Amino acid sequence: MGTFLMPSSTFGILLPQFPVVSLGRPRGQFHLILRGSSNRKRRNLLTGNWQCGPRIIAASNRDNFNDGFTDDEDGFKSRRYGKSEMKKDKLTEMRKALSEAKARQEALEKERDQLLQEFASSEAKQKEDADSIFLGKEVTVSELESDKSLLHQKLQETVEEKTALESKLVLTKQDAIELAVQVEKLAEIAFQQATSHVLEDAQLRVSAAETMAAESAFQIEDQIRKSTEGTISSIIEESRDAIKEALDVAENSREQAMKAIAAFTDSISSIDAISSVQSENIKLQGVARDLEAQLLVSKSEFNRMKLELQRAREQAGAAELRANNAERALLESQELRRENAMEQEEDIRSLLQKIREEAEERKKVLSKAFKDELESIKAAVDAAKETTQSRENAYMRRCEALQRSLKTSESALNMWRQRAEMAHSLLSKERSEKEDNEDDIYIVNGGRIDLLTDDDSQKWKLLSCGPRKEMPQWMARRIWSIRHRFPPRKADISKALNSNFKSLELPKPDKVWSIAQEKLREGDILVEHVMEKEVIEKKRKTLERALQRKTVQWQRTREETKLEPGTGTGREIVFQGFNWESWRRQWYQELALKAADLSQLGITAIWLPPPTESVAPQGYMPSDLYNLNSKYGSVEDLKSCIEEMHAHDLLALGDVVLNHRCAHKQSPNGVWNIFGGKLAWGPEAIVCDDPNFQGRGNPSSGDIFHAAPNVDHSQDFVRRDIKEWLNWLRNEIGYDGWRLDFVRGFSGTFVKEYIEVSHPAFAIGEYWDSMAYEHGNLSYNQDAHRQRIVNWINATGGTSSAFDVTTKGILHAALHGQYWRLIDPQGKPTGVMGWWPSRACTFIENHDTGSTQGHWPFPREKLAQGYAYILTHPGTPVIFYDHLYEFGMRDVLTEIMEARKRAGVHCRSSVKIYHANNEGYVARVGDTLVMKLGHFNWNPSKENQLDGSWQKFIDKGSDYQVWLRQ
């Protein structure tokens, strides 16, 4: 290594008050820039490759800059003109300074390594903090997701428990109602039986007493009459004879007296004549005495008969008194029986009241328990919300701490980046073009010297660690002894950009703040937001269905919009809007509130209860047909309900009872066959073969309904009045169609006449007939049963449809593993649907078969399968009120109705049955729907005769499945 002399005038001026350090081990030549007293002079020293450590040249400025500069100038002049020995001494001093600088360099390298380690540890700690924060965030998110899932599970369980409680409450209510109805029926039967027995006994006794009294009085009167008549007639005859004889004798006496007078006058006296006259007088006196005796005898006989008559009258009075006593005893017995019956009725009422109170108490207890459960669930939800909120707040606090940390790091990095950019811009890099020196010293303004190396990571770490410690005073004085001024500031941007220094690749502020600007993931959303999102989604789907329904409605073809009374539009879905107990509430008002909901579900027609005044509260025993104030509500309520139906595009079907009508008055012979109101009919409006009401009309054209007078529809005035009434219901009240009750009682030809006049949009007839059974089991062949229904429809000329009672009865047995009953030998459905589907109204249950009557209830566990069958097959399906609003089947029915609508199934759709056996039933309806019942292992891909691509729309496992063509 060569030696050189470094006078102070050859050094460049360093920065004041800041140490200047050049570090690193150069692999090539190290260039040292030497500057003399003149700016033009430069001396470059060039040596070979250095094998020793890096060279360090440091300088520091002091406040006495001018003084130092003067001293250095004087020393420089003295050494310049001194002797060579002084140069050698100076060189020795410089070597010692270099050795000391080398030691300082090693110390600085150690300090640098320590700082690098601290920086690496701080980086690792910062990374660890960031990892812990992100881990905490992930843990918080996972906990929120688990809480969310747990809360959803609890909500689902709550909904299920609520549904179960509602079903239990409905069942309890039905049981209580059934028990009350049974108790009422039993009480009524007992009262009727007891009253009937007492009345019959009393009537028998009274009738017997009256009969005996009447017979005895009649016998006495007959005897008196006969005896009096005989006595009087005999007396009259005898008196008549006696008077006649007396008259004869008097006539003879007159003649004789005349003769005697004549003879006396002629002076002819004869003693014989006088004696004869005297004898005649004596005879007359005898006859008179006999007559008086006979009169006395007759008078005595008359008195005797009068006494007998008086005795008979006394006996009749005694008999009448006994009859009065018997009647009084009967009245007392009736009063006593009535009081006993009233007491029994009161006991029954108290028992019913007690049952109602117990039911109400149970309802309150269940409601209270349900409310408590809801409160507990709400408390749990609130606690979960608070927990979630606290975790969210903790998470937000962590995020804020992270943001503050990142902001602090950002500010620190910005500060160091600014310093680095300042160092870059002020770096002085000059290389001589004449000589190649191995040592280059870079002097920068900004507080320190950097040795340019190729190790950018070392440079980045050095710039990141900040400035070094201050230089000792002695080193500063030594450095200032060899320098005199500052180097020029590098303000040239082009030179700074061309420098080998590279700016720190710091993260941009947008990237640093991305965590704060990051949107919350779905798992971080609170439960309220999730629930709100679900509600909005449900509303959106409901709106989409409504819009789709409106679109379908406007896109109907002319054939579909053509209304026929037997089929409607062909795509009707009827809803029976009442049950057997609906009359107990203001039903029209309650049903009007459900119009919007029913319309959204896809219902097109509502079957309303009977509207007329009725002896029975349910409406099926009508009296005054023009009085529409019934148990279901007033006529104004009915009109408002129908208007609400029309506002939501729903048809209103009226339940009209045309077969029978209850009378208002009794006839003179005590029979109830005189009608009142506007239609004041008499016995001539009743069929003559009705055994209970003595009708004077023609024989019935159907079966007899024994509970009320059967109307004779063959009478012209009856048909005229019914037509006017139906048109009044259509035009004034607003009904759109009819449900005809008990059409078995009169011929379908009359129904045809009524429909042709009233022009209903839709009409359904109730032809309920018994099905065929063999040895207590339902027969497979029900052709005769459905033939009777088809015959009635045919009698109406197809103007009315009819309830498919055959399909209902077959489904009762078929859904219990006997699916083979659903196909007839011709491969068609076995009900009316198989023969005349456009006129078949399929149903599962109604107010007679189900509800609180339960005459023929459908198996409850098979209701979903039954509706899956009728809602996916042709015909017009009918949905019962209880199943939609009380049995919790809303989602099931909505889903199947949606499948029917999407597939375009209507009342005339074709049916192709692929399988019907003990395992299940498979059929294609139309061209776009396939459905399966039972646990039969089948899907459309397994059927060779079924082409196209099919997508499963409903999957209820072994109950039923529905596919739609894609």
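Residues numbered from 1 in each chain as written. Predicted model: local features only at pLDDT ≥ 70, side-chain atom pairs only at ≥ 80, totals over all residues. Heavy atoms only, no water.

Below, the discussion takes up the packing of helix 19 (residues 863-872) against helix 21 (residues 890-903). Contact geometry of helix 19 with helix 21 gives a least axis separation of 9 Å together with a crossing angle of 20°. Taken together, the axis directions place helix 19 and helix 21 in an arrangement best described as roughly parallel. Where helix 19 crosses over helix 21, the handedness of that crossing is right-handed. Here Ala 864, Tyr 867, Ala 868, Ile 870, Leu 871 and Thr 872 of helix 19 lie close against helix 21, whose contacting residues are Val 892, Leu 893, Ile 896, Met 897 and Arg 900. A class-by-class count of the residues in the contact of helix 19 with helix 21 yields nine nonpolar, one polar and one charged. (Axes fitted to C-alpha atoms, helices over the stretch in contact; angles between N-to-C directions. Helix = DSSP H or I, 4+ residues; strand = E, 2+ residues; numbered from the N terminus. Parallel < 35°, antiparallel > 145°, perpendicular 65-115°, else oblique. Left-handed = near helix turned anticlockwise from the far one by under 90°. Contact = heavy atoms within 4.5 Å. Nonpolar A, V, L, I, M, F, W, Y, C, P; charged D, E, K, R; others polar.)

We now examine the pattern of salt bridges. The tally for this structure, following the rule as stated, stands at 20 salt bridges. With its nearest N and O atoms 2.2 Å apart, the salt bridge here joins Asp 597 to Arg 890. Taken together, the residues Asp 597 in helix 12 (residues 595-601) and Arg 890 in helix 21 connect sequence positions 293 residues apart. With a relative accessible area of 19%, Asp 597 lands in the buried category. (Salt bridge = Lys/Arg side-chain N within 4 Å of Asp/Glu carboxyl O. Buried < 20%, exposed > 50% of the residue type's maximum accessible area, 1.4 Å probe, protein only.)

Attention shifts here to the nonpolar core. Within the largest apolar cluster, 117 residues are counted, with the highest numbers of intra-cluster contacts made by Ile 606, Leu 822, Tyr 867, Tyr 921 and Leu 933. Once residues lying within four places of it in the same chain are set aside, the contact partners of Leu 822 are Ile 810, Leu 811, Ala 814, Lys 828, Pro 829, Thr 830, Tyr 869, Ile 913, Tyr 921 and Leu 933. Counting eight residues, the second-largest nonpolar core is a separate cluster that includes Tyr 914, Val 930, Leu 946 and Trp 963. (Core = buried A, V, L, I, M, F, W, Y, C linked by side-chain atoms within 4.5 Å.)

Right, let's talk about the packing of aromatic side chains for a bit. Tallied over the full model, the rule gives 18 aromatic pairs. Consider the rings of Phe 575 and Tyr 881, whose centres lie 6.0 Å apart with planes at 50°: the pair is tilted. Of this pair, Phe 575 sits in strand 1 (residues 574-576) while Tyr 881 sits in helix 20 (residues 881-885), placing them 306 residues apart in sequence. Residue classification places Tyr 881 among the buried positions, given a relative accessible area of 4%. Ring-pair connections join several aromatic residues into one group, and the members of that group are Phe 575, Trp 587, Tyr 881 and Tyr 885. Residue placement shows Arg 860 over the ring face of Phe 887; its charged tip is 4.0 Å from the ring centre. (Phe/Tyr/Trp six-rings, centres within 6.5 Å; stacked < 30°, edge-to-face > 60°. Lys NZ or Arg CZ within 6 Å of the ring centre and 35° of its normal.)

Moving on, we come to the sheet that holds strand 13 (residues 911-916). Here five strands make up an open sheet; going across it, the order is 13-14-15-17-16 and the pairing antiparallel. Looking along the sheet, the strands with just one partner apiece sit at the ends: strand 13 and strand 16 (950-955). In this sheet, neighbouring strand axes are inclined to one another by 20° on average, regardless of whether the strands run parallel or antiparallel. In terms of strand pairing, strand 15 (residues 929-934) meets strand 17 (residues 960-965) through five bridges, oriented antiparallel. Across the sheet, residue Leu 929 finds its bridge partner in strand 17, namely Leu 964. Sitting on the sheet, helix 19 is in contact with strand 14 (920-925), strand 15 and strand 17, with an inclination near 155° to strand 15. (Pairing = 2+ DSSP bridges.)

What follows deals with helix 16 (residues 783-795). Its 13 residues give helix 16 an end-to-end C-alpha distance of 18 Å, which sits within 8% of 18 Å, the value for a rise of 1.5 Å per residue. For helix 16, every residue scored as buried is listed here: His 785, Arg 786, Ile 789, Val 790, Trp 792 and Ile 793. All buried residues of helix 16 lie within an arc of 155° about the axis, which places them on one face of the element. In the core, the buried residues of helix 16 are packed alongside helix 15 (748-758), strand 7 (762-765), strand 10 (801-803), helix 17 (805-814) and helix 18 (832-835). A positive backbone phi angle near 75° is found at Gly 797, which sits one or two residues after helix 16. (Expected span 1.5 Å × (residues − 1). Arc of directions from axis to C-beta.)

Attention now goes to the sheet that holds strand 11 (residues 840-843). The eight strands are arranged 1-2-3-6-7-10-11-12 in a closed barrel whose pairing can be described as parallel. Geometrically, the sheet is characterised by an average inter-axis angle of 25° between neighbouring strands, direction not taken into account. Note that strand 11 and strand 12 (residues 876-880) share three bridges and pair parallel. Paired with Cys 841 across the strands is Thr 876, a residue of strand 12.

There is a patch of like negative charges on the surface, built from Glu 157, Glu 160, Glu 161, Asp 372, Glu 373 and Glu 375. Of all the elements in the fold, those that place two or more residues in the negative patch are helix 2 (84-265) and helix 3 (271-426). Looking at where Glu 373 falls in the secondary structure, it is placed in helix 3. The class for Glu 373 is partly exposed, based on a relative accessible area of 35%. (Patch = residues over 30% accessible without salt bridge, like charges linked within 9 Å, V, L, I, M, F, W, Y side chains within 5 Å. Areas by Shrake-Rupley, 256 points an atom, 1.4 Å probe, with all protein chains shown as cover. Lys, Arg positive; Asp, Glu negative; His and termini not counted. Charge placed at Lys NZ, Arg CZ, Asp CG, Glu CD.)

Turning next to the pairing of strand 6 (residues 737-740). Neither face of strand 6 is left uncovered, since the one carrying Gly 737 and Arg 739 and the one carrying Trp 738 and Leu 740 both have all their residues buried. In terms of strand pairing, strand 3 (residues 651-656) meets strand 6 through four bridges, oriented parallel. When the bridges of strand 6 are listed, Val 656 appears paired with Leu 740. Direction of pairing for strand 6 relative to strand 7: parallel, over a ladder of four bridges. Each residue of the ladder has a partner; that of Leu 740, found in strand 7, is Gly 765. Of the crossover connections in this fold, the one passing from strand 6 over helix 15 to the parallel strand 7 is right-handed. (Right-handed = clockwise from strand over helix to strand, strands pointing away.)

Across the 10 residues of helix 17, 10 count as buried, placing the element largely inside the fold. Restricting attention to buried positions, one finds in helix 17 the residues Val 805, Thr 806, Thr 807, Lys 808, Gly 809, Ile 810, Leu 811, His 812, Ala 813 and Ala 814. Considering only its buried residues, helix 17 is in contact with strand 9 (777-778), helix 16, strand 10, helix 18, strand 11 and helix 19.

Unusually for a residue other than glycine, Phe 742 sits at a positive phi of about 45°. For Phe 742, the location among the structural elements is in the loop between strand 6 and helix 15. The backbone of His 775 sits at a positive phi, close to 55°, despite the residue not being glycine. Note on His 775: relative accessible area 83%, which makes it exposed.

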